[in-house]
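# Summary of structural features
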Amino acid sequence: MGSIFRSEAMALCQLFLSSEAAYNCVSELGEIGLVQFRDLNPDVNAFQRKFVHEVRRCDEMERQLRYLEKEMLKDNLPIVDTGENPEAPQPREMVDLEATFEKLENELREVNGNAETLKKNSLELTELKHVLQITQIFFDERDSEPNTSITQNLLPAEEGKGPVQLGFVAGVTRRERMPMFERMLWRVCRGNVFVRQSEIHEPLEDPVTGEAVHKVVFLIFFQGEQLKNKVKKICDGCRATTYPCPESKQDRQEMGQGVKGRLDDLSVVLNQTTDHRHRVLAAAAKHLRTWFIKVRKIKAIYHTLNMLNLDVTNKCLIAECWVPCSDLGVIQDGLRKGTEKSGSSVQPILNCMQTTMMPPTFHRTNKFTSGFQALVDSYGVASYREINPALYTTTTFPFLFAVMFGDAGHGMIMLLFAAWMVIREKALIAAKMKGEIWNIFFGGRYILLLMGLFSIYTGFIYNDVFSKSTNIFGSAFHMGNNVTLANLTVLEEYTLDPGLDDEYDQKPYPFGYDPMWQIAVNKIAFQNSYKMKISIIIGVVHMIFGVLLSVVNHVFFKNWLSLVFEFIPQIIFLIGLFGYLCIMVFHKWIHYGCGEAFDVEHGSSCAPSVLITFINMVLLKTDEPPENCSLWMYKGQYTVQVVLLLLCVICVPLMLIPKPLILNSRHKANMRARNFQSVVESEMGEPSGPHHKEEEEFEFSEVFIEQAIHTIEYVLGSVSHTASYLRLWALSLAHGQLSEVLWSMVMRIGLAQSSIVGSIILYLIFAAWAVLTISILVLMEGLSAFLHTLRLHWVEFQSKFYKGEGYAFQPLTFKHIINGEEEEA
């Protein structure tokens, strides 16, 4: 509880480690995760530090492991996660790890290279097989004799001459390149070539990328050597592969049989290569996660050792680190264990140092409080030992959210989703689901759970469940002609007036709203009055609580000046104005009413407006009251209001003037004391210490301006912050109206159907209504209410006592490595 109430007490320690024990000691501290090392070499380049070679070796091992992981993902091999947390290997074991990873990488690269070569050969033979088959189809009819050229008789013979002899080129190209290839042939050869093509039906695998590629077999006929050279150059330029194709049928058949035999042999060798690759990767997959953890732990240790200083003998490493005071014993045990593991006889020395540096802020959290702490830290990390708002946010945050999101049905949806994440959290963590939005939801699952619970509570207070009301306690209203809630039809409209004895029982409803208000014409007017006033009351109580929390900071830091001249004027100002406003609201609710118990002077029709009364109080005005009504709510009201106003006016200069003057007086007294001490030391011949030169400068003008800004901000902020809490009323009203509009415009259409077809229509309409409810009313409206609640806490609440000028405690820890995260220690 102490850690969540305010940050842990921290100590700056100096640590002396022997060179042979330093690695193991830092390793043990990383497992504990409670030591933040300071960089004692900030001006030294990262490439000039002592252990940069070891860090580079770790980088190389990480690269090799990432290569193995990439190859496993290609084969869809699962990486085994046994949940094991291996210790950081000893430095001498790095050589074995490097040898293992290098052997695996080289073997895998060799296997991949062989497989790629085999696939290229297989692809070429497959393409040649298709070229031979398609060529045979093209010229089967013209090869009537075994040794007849396939190019004979393709063109008519000229008179007195034999048949024209044509040459041809056969090859394969990608299907998408064929149109461009044909146009190029036509233009360059001027139409003197004849092209035949046929698509290969099954796609072929690219040996480099592994993609399926559609290809086309082509035959190009031409006459003469000149065209032959042009055709070959065009084929090379268009990246078309050409293959030798015999002219005779017998030669083609013999070549086809040879290609088939070679393909069969290649298939056997390729399958054996693939099986060997799979076996190598499967064996490595069992240890990959463990290897990653070991390498990253080694790398984190050497990164930390690079932050340490070497003494003049190079036998001792000196470190400075922040340690929680309550964990000094645990740290000592870890250092002792690391020394024993290294076999060193020199024990480490841990000394606490006096320092003027601000320590880091460290809050111990668990899975419940971590989400709320993250909300607070997003605004600013608490100053050292400053009171932590996260403790109170665990209650106030879900409550203020629920005031704006008051619907029991929508709250139930939120609660069920959060409960599913809470119940299944171990399985969901083990699944390591990725995605920024999912991580946000899962990280705030306990916040979501409480927001759902509080929303259900406020939903029953508002008597609002999916824009409908529940009839648990009946109704205190009884309309004319014996109309009650039980026999009321939705087609009737009623204006409710609690002031009429014959229509209202004049008794408070047991819990929440009377359900009759849900169908009343004046429902909005009634709810506006209630929600607006209750929002102001909640806001003022929330702000007063924030001002009261500042007392805890002032007392803890013994800042009595701020306690007297900041807290006391602030609380008087806030209660004198807005606290009094809330008291008048309660007084009006209790003192003014309807029925026989109240006389005419104190009836609801004569109740003064709280807002007008408050404005008149500030302006010292007195308006004329209505006829037969009193101007004041109670006797002596004017005197009380004048006294409160005078107190509030006096509080402003009290916040502004005394503190800077007293600080200036203290500074002058300290300067006179130091000057006197310097004179005494000079007469005695003792030199003054260097601390005289390092004294912090004091500028009265700067202090006064800062105090003036703080005073103006608080006075004006009290007004604007109080008005800001009206968002509780505005968003609650908007959420209720959106829910009602969605019901009346969507769901009511389906409920109005009575036929069999109507049941199908109702099913579809209910699906549409459910989707819109979850997407708009739960997600979008929920996000809007969440952001407004966040603003109320950051600005209106935390500004009263919280500075948030600290920096987070970032210890050396291996926890993120075990969880599979990528951040460096």
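Notes on the structure follow. (Residues numbered from 1 in each chain as written. Predicted model: local features only at pLDDT ≥ 70, side-chain atom pairs only at ≥ 80, totals over all residues. Heavy atoms only, no water.)

Right, let's talk about helix 6 (residues 225–237) for a bit. Side chains three or four residues apart in an α-helix point the same way, a direct result of the helix having 3.6 residues per turn. Spanning 13 residues, helix 6 covers 18 Å between terminal C-alpha atoms, matching the ideal 18 Å at 1.5 Å per step. Within the sequence span of helix 6, burial applies to Leu-227, Val-231, Ile-234 and Cys-235. All buried residues of helix 6 lie within an arc of 100 degrees about the axis, which places them on one face of the element. Exposed residues pointing more than 90 degrees away from the buried face of helix 6 are listed as Glu-225, Gln-226, Lys-233, Asp-236 and Gly-237. Contacts made by the buried residues of helix 6 are with strand 3 (167–174), helix 5 (178–188), strand 7 (215–222) and strand 8 (241–243). Just downstream of helix 6, Arg-239 is the residue with a positive phi angle, here 55 degrees. (Helix = DSSP H or I, 4+ residues; strand = E, 2+ residues; numbered from the N terminus. Expected span 1.5 Å × (residues − 1). Buried < 20%, exposed > 50% of the residue type's maximum accessible area, 1.4 Å probe, protein only. Arc of directions from axis to C-beta. Contact = heavy atoms within 4.5 Å.)

In this section: the nonpolar core. Within the largest apolar cluster, 71 residues are counted, with the highest numbers of intra-cluster contacts made by Leu-577 and Leu-728. Here the element with the most residues in this core is helix 17 (residues 560–591); it accounts for twelve residues. Once you skip the residues sitting within four places of it in the chain, Leu-728 turns out to touch Leu-400, Val-403, Met-404, Ser-535, Ile-538 and Leu-792. Counting residues in each nonpolar core, the second largest holds 59 residues, with Cys-13, Leu-97, Ala-284 and Ile-298 among its members. (Core = buried A, V, L, I, M, F, W, Y, C linked by side-chain atoms within 4.5 Å.)

The next subject is the packing of helix 11 (residues 390–404) against helix 22 (residues 727–751). Direction vectors running N to C along helix 11 and helix 22 enclose 50 degrees, while the axes themselves pass 7 Å from each other. Classed by the angle they form, the pair helix 11 and helix 22 counts as oblique. Only Arg-727, Leu-728, Leu-731, Ser-732 and His-735 of helix 22 make contact with helix 11, whose side of the interface consists of Leu-400, Val-403 and Met-404. Looking at the contact of helix 11 with helix 22, its residues break down into five nonpolar, two polar and one charged. (Axes fitted to C-alpha atoms, helices over the stretch in contact; angles between N-to-C directions. Parallel < 35°, antiparallel > 145°, perpendicular 65-115°, else oblique. Nonpolar A, V, L, I, M, F, W, Y, C, P; charged D, E, K, R; others polar.)

The next thing to look at is the sheet that holds strand 4 (residues 194–199). Judged by pairing direction, the sheet is antiparallel, and its four strands sit side by side in the order 4-7-3-8 without closing on themselves. Every interior strand has two partners, whereas the edge strands, strand 4 and strand 8, have only one. Between one strand axis and the next, the sheet turns by 25 degrees as a mean value, whatever way the strands run. As paired strands, strand 3 and strand 7 are joined by eight bridges and run antiparallel to one another. Residue pairing for strand 7: Val-169 is matched across the bridge by Ile-220. Contacting strand 3, strand 4, strand 7 and strand 8, helix 4 (residues 93–139) crosses the sheet at an angle of about 55 degrees to strand 7. (Pairing = 2+ DSSP bridges.)

Once that is clear, we can look at helix 12 (residues 408–423). Compared with an ideal rise of 1.5 Å per residue, which puts 16 residues at 22 Å, helix 12 spans 22 Å between its outermost C-alpha atoms and is within 8% of the ideal. Inspection of helix 12 places Ala-408, Gly-409, His-410, Gly-411, Met-414, Leu-415, Ala-418, Met-421 and Val-422 among the buried residues, and these make up the whole buried set. Capping the start of helix 12, Asp-407 holds a side-chain oxygen 2.9 Å from the backbone nitrogen of Gly-409, two or three residues further along. (Polar contact = N/O pair within 3.5 Å; in protein donor to acceptor, adjacent residues only side chain to side chain.)

Packed helices, taken two at a time, are described by their axes: the angle between them and the distance between them. The N-to-C vectors of helix 11 and helix 15 (residues 445–461) enclose an angle of 50 degrees; their axes lie 8 Å apart at closest approach. Taken together, the axis directions place helix 11 and helix 15 in an arrangement best described as oblique. Two packed elements cross with a definite hand, and for helix 11 against helix 15 that hand is right-handed. Residues Thr-394, Thr-395, Phe-397, Pro-398, Phe-399, Phe-401, Ala-402 and Val-403 of helix 11 pack against Ile-447, Leu-450, Met-451, Phe-454, Ser-455 and Thr-458 of helix 15. (Left-handed = near helix turned anticlockwise from the far one by under 90°.)

Read these as spatial facts, not as claims about activity.
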